[in-house]
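These are the residues of each chain, in order.
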Amino acid sequence: MKAAPFAYVRPSSLSDAIAELASTGGGGKVIAGGQSLVPVLAMRLARPETLVDINAVAELDRFGTADGYLEIGATVRQRRVERDPVSATVPLLGMALPWVGHRELRSRGTVCGSLAHADPAAELPAVACCLNAELTVTGTGGARRVPAREFFSGAMTTALGPEDILTAVRFPVAGKGEGFGFAEIARRHGDFALAGVVARVRVRGTETDAQLTGFGVSDRPVTRSAAGELAAALRESGGEVSRLPGALSDPLTALAEELVDTDGDAHASRDYRRRLFRTLASRELSKAYERARRSAGEVDS
Ligand SMILES: Cc1cc2nc3c(=O)[nH]c(=O)nc-3n(C[C@H](O)[C@H](O)[C@H](O)COP(=O)(O)OP(=O)(O)OC[C@H]3O[C@@H](n4cnc5c(N)ncnc54)[C@H](O)[C@@H]3O)c2cc1C
């Protein structure tokens, strides 16, 4: 099948891109890397009247750190983020990006495009939610910042209006005492996840904070505090890190039941996804805790 006919514009400034999108009265769509949109067009799952190509807008190519954040503009490719040393400031990006499709896809696909597309099993929306990244959404009324945890509202559904452009995303730079974990299970490498988890642990003195995000387990990435579960497991294991994954299994059972609410499909039942989530979460939370302690200087690295 071929795409239905559409008009194509390639503005060279953000204001022109916004004006072009607004002039379509809701019938236009942004195209960035085209890695998700082009297949959707080819299958005629969407029939936009106009494609607004943002790739010639130089101001959307921003990539670098400022004010404690790593900012990634709308045309920055996933592969560039994967390869650039500055991305080490946000370790979860380096952990998650190799799992996003294949290298060839990542050399065209953008970080912001993945967030805007909002596939519930995609890796980058889950990383954004775990870190509660800030998304900059720009439309005819100006720019607004949306926390990642408020951006995703359902499968392939976000806070973006039909005339909005996601102009950038800002991920908080990792600080001392923070540790991270990331894992997913997919049928083949490069496939979307059957279930995946992202973990962030922060150790400050006697206080420990833990956040867990699941993906591929609901209609959007789902994030909860796992600080209580981690504290219970630390008591149970007597603080012995090698016993932590086992000690987390029971406390995480209830969390898995709460978070994993997707219906079963041809690849995995809901129950199987719950078990996957619990197992991955136990391991990744343990690793994140250990890394956080190292980063805080509590154990030798
Ligand atoms: C075979 C295959 C396997 C894949 N596997 C994975 C995987 O394992 N994990 C994963 O996460 N992804 C996967 N993808 C998707 C891939 O990561 C895409 O690159 C990404 O989802 C979209 O990025 P893009 O820049 O190509 O966006 P596009 O395809 O250009 O756009 C996608 C959607 O987002 C909108 N959009 C894009 N940018 C903006 C913006 N700045 N503002 C507003 N709207 C915007 C478009 O209008 C469109 O609706 C796969 C794709 C393919 C074809």
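Residues numbered from 1 in each chain as written. Predicted model: local features only at pLDDT ≥ 70, side-chain atom pairs only at ≥ 80, totals over all residues. Heavy atoms only, no water.

The protein has the name FAD-binding molybdopterin dehydrogenase in an unreviewed UniProt entry, where Amycolatopsis methanolica 239 is given as its organism.

Q: Break down unusual backbone geometry for me, with residues and values.
A: The phi angle at Asn132 is positive, at roughly 45°, despite the residue not being glycine. Counting through the fold element by element, Asn132 comes out in the loop between α7 (123-130) and β6 (134-139). Non-glycine residue Met156 carries a positive phi angle of around 55°. (Helix = DSSP H or I, 4+ residues; strand = E, 2+ residues; numbered from the N terminus.)

Q: Pulling in residues and values, what's your account of the site of the ligand?
A: Taken together, the neighbourhood of the ligand is formed by 30 residues, with Val30, Gly34, Leu37, Thr110 and Glu123 sitting nearest. A distance of 2.8 Å separates an oxygen atom of the ligand from a polar side-chain atom of Ser36. Here an oxygen atom of the ligand and a backbone polar atom of Leu37 are 2.7 Å apart. Burial of the ligand by the surrounding chains reaches 87%, relative to a free accessible area of 960 Å². Only β2 (28-31), α6 (111-117) and β10 (165-172) provide two or more residues apiece to the shell around the ligand. Looking at the shell around the ligand element by element, the count peaks at four residues for α6. (Near = heavy atom within 4 Å. Polar contact = N/O pair within 3.5 Å; in protein donor to acceptor, adjacent residues only side chain to side chain. Areas by Shrake-Rupley, 256 points an atom, 1.4 Å probe, with all protein chains shown as cover.)

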